[in-house]
Structures are given as structure tokens and as C-alpha cells.
Amino acid sequence: MKQLMLIGFGAMAEEVLAHMPAELVLRWVVVTERSRNRVRALLPPSVAVVTRIAECTGKPDLVLECAGQPGVRAHGVDVLARGWDLAVISVGALADAELADRLHAAAATGRSRLHALSGAVAGIDGLAAAREGGLDEVLYTSRKSPASWRGSAAEQMVCLDTIAEPYVFFRGSAREAALAFPANANVAATIALAGLGLDKTRVQLMVDPGISTNQHRIHASGRFGEMNIELCGMPLERNPKTSTLAALSVVRACRQAVSSVVI
Ligand SMILES: NC(=O)C1=CN([C@@H]2O[C@H](COP(=O)(O)OP(=O)(O)OC[C@H]3O[C@@H](n4cnc5c(N)ncnc54)[C@H](OP(=O)(O)O)[C@@H]3O)[C@@H](O)[C@H]2O)C=CC1
Ligand SMILES: O=C([O-])CC(=O)C(=O)O
């Protein structure tokens, strides 16, 4: 049986746990001090609920971050430096160049690897392959309901209560988007890392009062040809900012960890 460590235990982690392959067992959950009692009450005694990686005894086969960018910042270096592989869903944390350098250095020290998960979008495989032949442009457009943008910097850019028409409230680079919208634009960073990089990938963020899905569109062109990928994702019931597919991409990483044929 392989052993899993989860960093963070919010809406996404609960969805992951509900769909985890039977060959993987959850042994450790890393949480904030303020959430320790809440999470402790949700999990069986066989799962250690800790606030620091140093409190963990044993060695996980896989560490999955579902904690948001602050979780990557707080624990990523520690995990990688110990030689444990880390899969992150909050890929936007890598838009912080200083943190990205520290993660690279820790992975080199620990001879470990950081895996950026595909998250809420499809097409990361094709985009990463296309990059090998040279890309000319990549544009990512995210379109979500007012409820999905609540609690984000969008509230300072547009009135989410009264908006009546679809509206683009942000245009910028993937780095700017991932840093300004840490719970909503991780996908921008993932697309950038697979493709043209954080500063050359263009991003548009839209609010649309007429939709209830989280919509993602990737347009890319280069020597490979052209791609237009569009995806309408169902938000998680417990967190409308997060698409169900993002949680399922974490489940996919679990499946890959225990499968002899990896797809
Ligand atoms: N790549 C992608 O496609 C997507 C990525 N995401 C990323 O996934 C993250 C999680 O999503 P979701 O579960 O819906 O969000 P939630 O807000 O429901 O849960 C996040 C959890 O992480 C915990 N947390 C925060 N900081 C730390 C830390 N330093 N150490 C351990 N745990 C911590 C929070 O605890 P507390 O409540 O105590 O703060 C909370 O329980 C998002 O914030 C986003 O970064 C989301 C959607 C798509
Ligand atoms: O789930 C989504 O639609 C995307 C998201 O929040 C993110 O990229 O952080």
C-alpha cells in the first residue's frame, strides 16, 4: 500500500479523498493551526494531522498540495529538500520568482521533483508538446460567474452585485494574473509553464452573470499549427472558485502513483 500526504484540507482535498484509489492510503494531513481541530474531527485516528512537515514521521510515497499558494510557500521547500516528490495544484505560487528559485534549489538538494498538475483545464499535454517546436502566441481566457470571483481582487475592479453583461476586468500576463488572483488563476500559470512562459502568456479574466460554469479557453499557435481548447467546468459545490476537474486532476495524480501503466 502506498502512503499519501495531503497539504491542505479544504473543498478540493475532501473531493480528492472521496475519489482516491483504494491502493493509496492517507497517512498525513498538513493544516494551519487555526484548522487543526476542525480537520482532526473529520479524519480517522490513523491519519496524523500536523501543522509542520517536521512533525511527520515516516516517508510518504506522494505529497499532494491542495492548500492554496500559501501552502506551497509554507511547506514546498521542506518537502522537496527531504527528497519527497511534490505535486502542486496551486501552480500560481511559481509566479513568485524568489519562491520558484527556492523550490528549484530544494528539489536539486533533495533529488526530488515538483509536478505541476493540469488542474481545471485540458490540453496541457498538447501545449507542452507544441512548445518543443516553438510557439508564437498563447492566450488564456477564464470566464466565471460573479459567485466564483467573490472574495478576489475582481471585487475592486467590477461590481459583482450589479454586473449585467459579460465583462473583461483583467488583461495582463500569466504572472500578473496568478499573483493577483491566487485562488482563481492558477491555471494561467500552468498554461504559461507548459507553453510560452509566465511573462509572454497573455491572460483575460471575465465575469459573466449569465453562466454557472467555470469556462476556460486556450488559444495557441506555433510551428505545430493552431489549437483552440474550450472547457466548461462544473464548480465544486463547497467552493465555486474551484472547478471539479481541478480536484479530479489531483485524483489522477493519485491514480498515476499506484498504476503500472501511466496515462
Ligand atoms: N490549478 C487549478 O486548476 C486550480 C487550483 N486551485 C488551487 O487549489 C487551492 C485549494 O482549493 P480549495 O480546496 O477549493 O480551497 P479551500 O479554500 O476550500 O481550501 C484550502 C485549504 O487549505 C488550507 N491552507 C491554507 N494555507 C495553508 C497552509 N499554509 N498549510 C496547510 N493548509 C493551508 C486552508 O486552511 P484555512 O481555512 O485554515 O486557511 C483550507 O482548508 C486553491 O486555493 C487554489 O490555489 C483551485 C482551483 C483550480
Ligand atoms: O478551478 C478553476 O476554474 C481555476 C482556478 O480556480 C484556478 O486556476 O486557480
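Residues numbered from 1 in each chain as written. Chains lettered and ligands numbered in written order. Predicted model: local features only at pLDDT ≥ 70, side-chain atom pairs only at ≥ 80, totals over all residues. Heavy atoms only, no water.

K.L.:
Can you lay out the site of ligand 1 for me, pointing to particular residues and giving the numbers?
P.N.:
Around ligand 1 sit 29 residues in total, of which T32, R34, S35, S90 and T242 are the nearest. Interatomic distance of 2.8 Å between a backbone N/O atom of M12 and an oxygen atom of ligand 1. Within the side chain of N186, a nitrogen or oxygen atom sits 3.1 Å from an oxygen atom of ligand 1. In the complex, 82% of the free accessible area of ligand 1, which totals 920 Å², lies under the protein chains. When atoms are counted within 2 Å of each cavity's grid points, the one that captures over half of ligand 1 is the largest pocket. When residues of the shell around ligand 1 are traced back to their parent elements, those giving at least two are helix 1 (11-19), helix 3 (69-81), helix 8 (186-194) and strand 13 (239-243). Per-element accounting of the shell around ligand 1 gives the leading share, five residues, to helix 3. (Near = heavy atom within 4 Å. Polar contact = N/O pair within 3.5 Å; in protein donor to acceptor, adjacent residues only side chain to side chain. Areas by Shrake-Rupley, 256 points an atom, 1.4 Å probe, with all protein chains shown as cover. 1 Å grid on protein atoms, 1.4 Å probe; cavity = no way out; pocket = protein on both sides within 12 Å on 5 of 7 lines; lining within 4 Å. Sits in = over half its atoms within 2 Å of the grid points. Helix = DSSP H or I, 4+ residues; strand = E, 2+ residues; numbered from the N terminus.)

K.L.:
Got a sec to walk through the site of ligand 2? Specific residues and values, please.
P.N.:
Taken together, A120, K144, A183, N184, A185, N186, V187, N214, H216, K241, T242 and S243 form the complete shell of residues around ligand 2. Note that an oxygen atom of ligand 2 is positioned 3.5 Å from one of the backbone N or O atoms of A185. Between V187 and ligand 2, the recorded distance is 2.8 Å, taken from a backbone N or O atom to an oxygen atom. Within the complex, the protein chains bury 94% of what would otherwise be the 270 Å² of accessible surface of ligand 2. For ligand 2, the cavity whose grid points lie within 2 Å of the majority of its atoms is the largest pocket. Only helix 8, strand 10 (214-222) and strand 13 provide two or more residues apiece to the shell around ligand 2. The greatest single-element share of the shell around ligand 2, amounting to three residues, is contributed by strand 13. Among the residues forming the shell around ligand 2, the class breakdown is four nonpolar, six polar and two charged. (Nonpolar A, V, L, I, M, F, W, Y, C, P; charged D, E, K, R; others polar.)

K.L.:
An account of the UniProt feature "active site" (unreviewed entry) in the protein chain is requested, with residue identities and associated values reported.
P.N.:
Within the UniProt annotation, "active site" (unreviewed entry) is assigned to H216. Mapped onto the secondary structure, H216 falls in strand 10. Exposure remark for H216: the relative accessible area of 4% places this residue in the buried category. Setting aside anything within four residues of it in sequence, one finds H216 in contact with A120, V121, Y140, T141, K144, V187, I229, E230, L231 and S243. For H216, the side chain forms a polar contact with the side chain of Y140, separated by 2.8 Å. (UniProt positions renumbered as here; feature names shortened; annotations may be inferred. Buried < 20%, exposed > 50% of the residue type's maximum accessible area, 1.4 Å probe, protein only. Contact = heavy atoms within 4.5 Å.)

K.L.:
Lay out the environment of N186 in plain terms, naming residues and giving numbers.
P.N.:
For N186, the position within the fold is in helix 8. Distance in space between the C-alpha atoms of N186 and S118 is 9.8 Å, their sequence separation being 68 residues. Excluding residues within four positions of it along the chain, N186 makes contact with Q69, I89, S90, V91, G92 and A93. Only 2.9 Å separates the side chain of N186 from the backbone oxygen of P182, close enough to count as a polar contact.

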